[in-house]
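So the chains spell out like this:
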Amino acid sequence: MTVDEIFKVQNMVCFLENQRLVQKKREFSQIFVPVLSVLCDRYIPEYRQFVPQDWVEQQKQIISSQYGTVAKAIRKLHRKLFGSRIDYRPLLMEELFVMSILCRPKGSVMDCHGPDLLTDLGWKEKDVQNYGNKLAKIPEYILFSQFTQQEKYYFSLPKFNIAVCANMSAGKSTFINALLGHDYLPSRNEATTATITTVQDKDDFADVLGCVQVAGKIVPCREQVTLKLIDRWNDSQEVKRIYLQGDLDNIGNNHAVVCVHDTPGTNNSGDISHNVITMDFLQKNPLDALVFVANGEHLCTTDERRLLEEVKKISTEKNIPVIFAMNKMDSHDSEKEELATTVGRYRDFVKEIGFDDSMVYPVSAKAARLFKMALKGCGKEFTAKERADFNFCLKLMVEDTSSSGVGEIVEIGKHGYSAAIIRQGLEQSGIVAIEQAIENLVNHR
């Protein structure tokens, strides 16, 4: 199966997992909720390798306790609601559509079976129309139908591929985590692994899905995707590539699905294969843009020039723009040199190599990551160092934090901060400007 095919199944599993399978007294809600249970039961054995084992057991217990086996559930539903007069099978039309057995005949109210399968099941078109009209009024069915239509639209969108590259220790993984607004790439990734990690954007998606390439095959994940799991994948000699799906903040799916590809740090003196893997990926894979993360603590170095000269050749051959993220601006000492002067000097540096110097953005990925996580309610998970970094970065980004206890309050440790002030700090971190630059490139592709 392809990565997208795996993500389709995993998305359906996530949807089903979040449904409350509780029968209601309304006639057709009472019909459709058991249908969702049947769908769960069908999905579990068919796609067992996609589903965490604990969820398999949980769903089996729910279905068994409420309805018994699928066959018993269908017979019980048939007898209870319709007696022997009406066929239950049209209720499973949407289920079979999800299982890729269905097509859409012209004139039908909803997605239903193709002519051959309709004949085999003994359905009549008027019964299909009747069920379609009634099911279309059920809140649970409307939600399910909306989900399937959204999925169909999402997976029909073209991909907009952005590679992120940098020398080691530039903060590249922190930068991508800042785009995600959560920790999904280990910070040590740059120094210890040669694995390419792809993050596929999906708007308003609360979960993170994952699969990996092992021995030339795409293997789905049967665990919840966490930082520890991705860390384990990075440590594995068998895993050659990691694929994730999650929501990249402030980047929409209006015209395309943005895919951010994290490449290994290229100046690892202990392993020259990192440079080979990065350059091979940049040369051989379709790309629409490139983000170069510069280490703001060590700008314009010989290693950086060498890498940028290689990047320039590739960007020229592929005719793609390059965005420069001057990272670690939280370490910049404005008393020694104004930030504008530092940015201007770096713009001269990239212009000399042949790049568009207007695409240079100073950014503090560390600050952006902390601010986003705080706004998402993750402040209680911060370590003592992260709490100290958060407080330092907020005071650095926002001149007046005196109203930090006013309005909506975000708890960080034992202290409360104004959400409005944190949002102001997020704007000043530079990440929003880079997100807007990416969004503009996608919209004008």
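A brief structural summary.

Considerations on the overall build of the chain
The helix and strand tally for the chain stands at 18 helices and 11 strands. Across the 445 residues of the chain, 52% fall into the buried class. Counted over contacts in the chain with a minimum sequence separation of 6, partners at least 24 positions apart contribute 74%. When the accessible surface of the chain is totalled, it reaches about 21300 Å², and 49% of it is carbon and sulfur.

Describing helix H15 (residues 365-375)
The element H15 is largely enclosed, with a buried count of nine among its 11 residues. Considered for burial, the residues of H15 that qualify are Ala365, Ala367, Ala368, Arg369, Leu370, Phe371, Lys372, Met373 and Ala374. Structurally, H15 contributes buried residues whose contacts are with helix H9 (172-180), strand E8 (322-327), helix H16 (384-397), strand E10 (409-412), helix H17 (419-428) and helix H18 (431-443). After H15 finishes, the residue Gly377 shows a positive phi value of roughly 85°.

What about the nonpolar core?
Counting residues in each nonpolar core, the largest one holds 64 residues, and the members touching the most others are Phe175, Trp233, Leu244, Phe371, Phe390 and Ile431. Residue contacts for Trp233: discarding those within four places in its chain leaves Gly210, Cys211, Val212, Cys221, Val239, Ile242 and Leu244. One finds Leu307, Met326, Ile353 and Val360 within the second-largest nonpolar core, a separate group that totals 27 residues.

Overview of the packing of aromatic side chains
With the rule as written, the count across this model stands at eight aromatic pairs. When the centroid spacing of 5.0 Å and the interplanar angle of 80° are considered together, the rings of Phe324 and Phe355 count as edge-to-face. Taken together, the residues Phe324 in strand E8 and Phe355 in the loop between helix H14 (339-353) and strand E9 (360-362) connect sequence positions 31 residues apart. Across the pair, Phe355 and Phe324 agree in class, each one buried. Each member of the aromatic cluster is reached from another via a ring pair, and the members are Phe292, Phe324, Tyr346, Phe349 and Phe355. Here the guanidinium or amino end of Lys202 rests over the ring plane of Tyr154, the centre of that ring lying 5.2 Å away. Above the face of the Phe355 ring, Lys312 is positioned so that its terminal group lies 5.4 Å from the ring centre.

Rules used in this analysis
The residue numbers shown here count from 1 along each chain, following its written sequence. Predicted model: local features are reported for residues with pLDDT of at least 70 only, side-chain atom pairs are reported and counted for 80 or more only, and whole-chain, interface and lining totals are derived from all residues. For side-chain calculations, the full set of non-hydrogen atoms in the structure is used, while hydrogens and water are omitted. Here a helix means four or more residues in a row that DSSP labels H or I, a strand means two or more in a row labelled E, and each is numbered from the N terminus. In this scheme, a residue with accessible area under 20% of its type's maximum is buried, one over 50% is exposed, and one in between is partly exposed, where area comes from a 1.4 Å probe on protein chains only. Here, two residues are considered to be in contact whenever any of their heavy atoms come within 4.5 Å of each other. Methods summary: accessible areas were calculated by the Shrake-Rupley approach with a probe of 1.4 Å, and residue burial reflects only the protein chains presented. What makes a nonpolar core is a set of buried Ala, Val, Leu, Ile, Met, Phe, Trp, Tyr and Cys residues whose side-chain atoms join them at distances within 4.5 Å. Any pair of Phe, Tyr and Trp rings, taking the six-membered ring for Trp, is counted once the centres come within 6.5 Å. Such a pair is stacked with planes under 30 degrees apart, edge-to-face with planes over 60 apart, and tilted for the rest. Two limits define a charge over a ring: the Lys NZ or Arg CZ must be within 6 Å of the ring centre, and within 35 degrees of the ring normal.

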